[in-house]
Amino acid sequence: MTGADMALPAQDERTLPAVVLRDVDTRPLDQVLTEVQAVVEAHGHVVVVCSPATPAAVLRRLHTLRSLLESDRIALFRPDLPPLAVAVLARQLRQLASCDIGPGVLASAGRLLTHYLHAGALLGSVARLDRVPVDLKQHAKSWLPGSQFAVLAHPQPQLVRLGPDAMLDGPEFGTWMLVARGQLPSDWVTTTLAPAWRVQGLREAPLPAESGRWWGTGKLVEFCTYLPDLSVLYQLVTSVRRGTCHWCGIDVIGDRCVFCSATPPVPEGRPALTRRT
C-alpha cells in the first residue's frame, strides 16, 4: 500500500500485515529503492495496490522503482475503484496470501474479486464528481442547501438524490459492509442502506485520505460491501482455470500476467503480441 490509511486492520488471525510504502514520491530515491528491494528479497514477489486517486507523482516513482530494479517480481495493481473499496480489496489479497496460492494467481485474483464488491458513497454535493455520470438536473440540485446524493460507483454507476424512497441497487449475495465517515453528518448508510441490502455484518473504518479527491468532496460517507470469509475467497480464486505465463513462467488466472504484462501468444498466422513495458 502507498498509505497507512489504506491498510485496514486484519479481518482474521490469518490475514497478513500490509507493507506500507510511505512518502515514496518525497523521500530520496535511493532510500525508497533500498526499501522496496528489501521487501522483494524478503517476500519473493510484491503487489503494490493503489487507487485511481493516488497522486501522479507517486505512480511515476513506483514505475521508476520497478524499472531500476529491472524486476518482473513487482506488480502495480490500480483497480478502478473508490479508495475504500481498494483498501478492502487489498485486505482480501492479504487474507489469500496466507493460503497455498502462487504469487501470479494471488496478484491476478484482484481483478476477479472486484466483481464481488459494491462501492459507493453518500455525498453532500456532486458538483465536482467526475467518476460517475451526473446529468445537468442533478448537478443543479447539488447546489440546493441540504441536498444529499446516494452514489454507486461499482459495479454499475448509479446516482439518486436522497429522499424517502431513494435506494441503490445492491448485491444479490450475502456480504458485509465497511463504512468510512467523512464530514457529512448522516446515518443513512448504516440505518437505511445496510438493512435494505441485508448485510450480514457492519464495520467502520477511518476515511482514506484519497477519498475526498476521488469523490470530489469531503462531505461524504463512503461504503463498500464485500465477502469477508477466507474460505469463500479461496474457493472463488481456486475454481478459476489457471494458466502459465509464457514469458516469466508463473501461474496466473486471466488473460494477462500482472507481473510482466505478457499476454498469451496468438494462434499461428495472426499478428503476435509482445509483452508490454
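A. Geometry of the environment of V36. One can find V36 in helix 1 (residues 29–43). Using a relative accessible area of 7% as the deciding quantity, one classes V36 as buried. As a C-alpha pair, V36 and V24 span 12 residues in sequence and 9.9 Å in three-dimensional space. Once residues lying within four places of it in the same chain are set aside, the contact partners of V36 are L21, L65, L69 and I74.

B. Structural context of the side chain of T175. With respect to the secondary-structure elements, T175 resides in the loop between strand 5 (158–161) and strand 6 (176–181). Residues within four places of T175 in sequence aside, it is in contact with V199, Q200, G201, T225, Y226 and L227.

C. Spotlight on the packing of helix 4 (residues 103–113) against helix 8 (residues 230–238). Their axes nearest at 10 Å, the elements helix 4 and helix 8 cross at an angle of 100°. With respect to their mutual orientation, helix 4 and helix 8 come out roughly perpendicular. Contact residues: helix 4 offers V105, A109, L112 and L113, while helix 8 offers L233, L236 and V237. Tallied by class, the residues present in the contact of helix 4 with helix 8 amount to seven nonpolar, no polar and no charged.

D. Spotlight on helix 3 (residues 83–96). For helix 3, spanning 14 residues, the distance from its first C-alpha to its last is 20 Å, which sits close to the expected 20 Å at 1.5 Å a residue. The buried count for helix 3 comes to 14 of 14 residues, which makes it a mostly enclosed element.

E. The packing of helix 3 against helix 4, seen in detail. One way to put it is that helix 3 packs onto helix 4 with a least axis distance of 10 Å and a crossing angle of 135°. Relative to helix 4, the element helix 3 lies oblique. Judged by the twist between their axes, the crossing of helix 3 over helix 4 is right-handed. Contacts from L89, Q92, L93 and L96 in helix 3 reach L106, A109, G110 and L113 in helix 4. Grouping the amino acids of the contact of helix 3 with helix 4 by side-chain chemistry returns six nonpolar, two polar and no charged.

F. Geometry of the pairing of strand 3 (residues 118–123). With respect to burial, strand 3 is a largely interior element, six of its six residues being buried. As judged from the six bridges shared by strand 3 and strand 8 (residues 220–226), these two strands associate in the antiparallel manner. Bridged to L123 within strand 8 is L220. Sheet topology note: the strand 3/strand 4 (residues 149–154) ladder contains five bridges and is antiparallel. Bridging across to strand 4, A121 finds its partner in V151.

G. How the structure looks around the nonpolar core. Ranked by internal contacts, the top residues of the largest apolar core, which has 35 residues, are L96, L117 and V237. Those elements that provide at least two residues to this core are helix 3, helix 4, strand 6, strand 8 and helix 8. Ranked by the residues each element gives to this core, the list is headed by helix 3, at nine residues. Excluding residues that lie within four positions of it along the chain, V237 makes contacts with L96, I101, V105, A109, L112, L113 and I253. Ranked by size, the runner-up nonpolar core spans 15 residues in total, among them L152, L168, L184 and W188.

Rules used throughout
- Residues numbered from 1 in each chain as written.
- Predicted model: local features only at pLDDT ≥ 70, side-chain atom pairs only at ≥ 80, totals over all residues.
- Heavy atoms only, no water.
- Helix = DSSP H or I, 4+ residues; strand = E, 2+ residues; numbered from the N terminus.
- Buried < 20%, exposed > 50% of the residue type's maximum accessible area, 1.4 Å probe, protein only.
- Contact = heavy atoms within 4.5 Å.
- Axes fitted to C-alpha atoms, helices over the stretch in contact; angles between N-to-C directions.
- Parallel < 35°, antiparallel > 145°, perpendicular 65-115°, else oblique.
- Nonpolar A, V, L, I, M, F, W, Y, C, P; charged D, E, K, R; others polar.
- Expected span 1.5 Å × (residues − 1).
- Left-handed = near helix turned anticlockwise from the far one by under 90°.
- Pairing = 2+ DSSP bridges.
- Core = buried A, V, L, I, M, F, W, Y, C linked by side-chain atoms within 4.5 Å.

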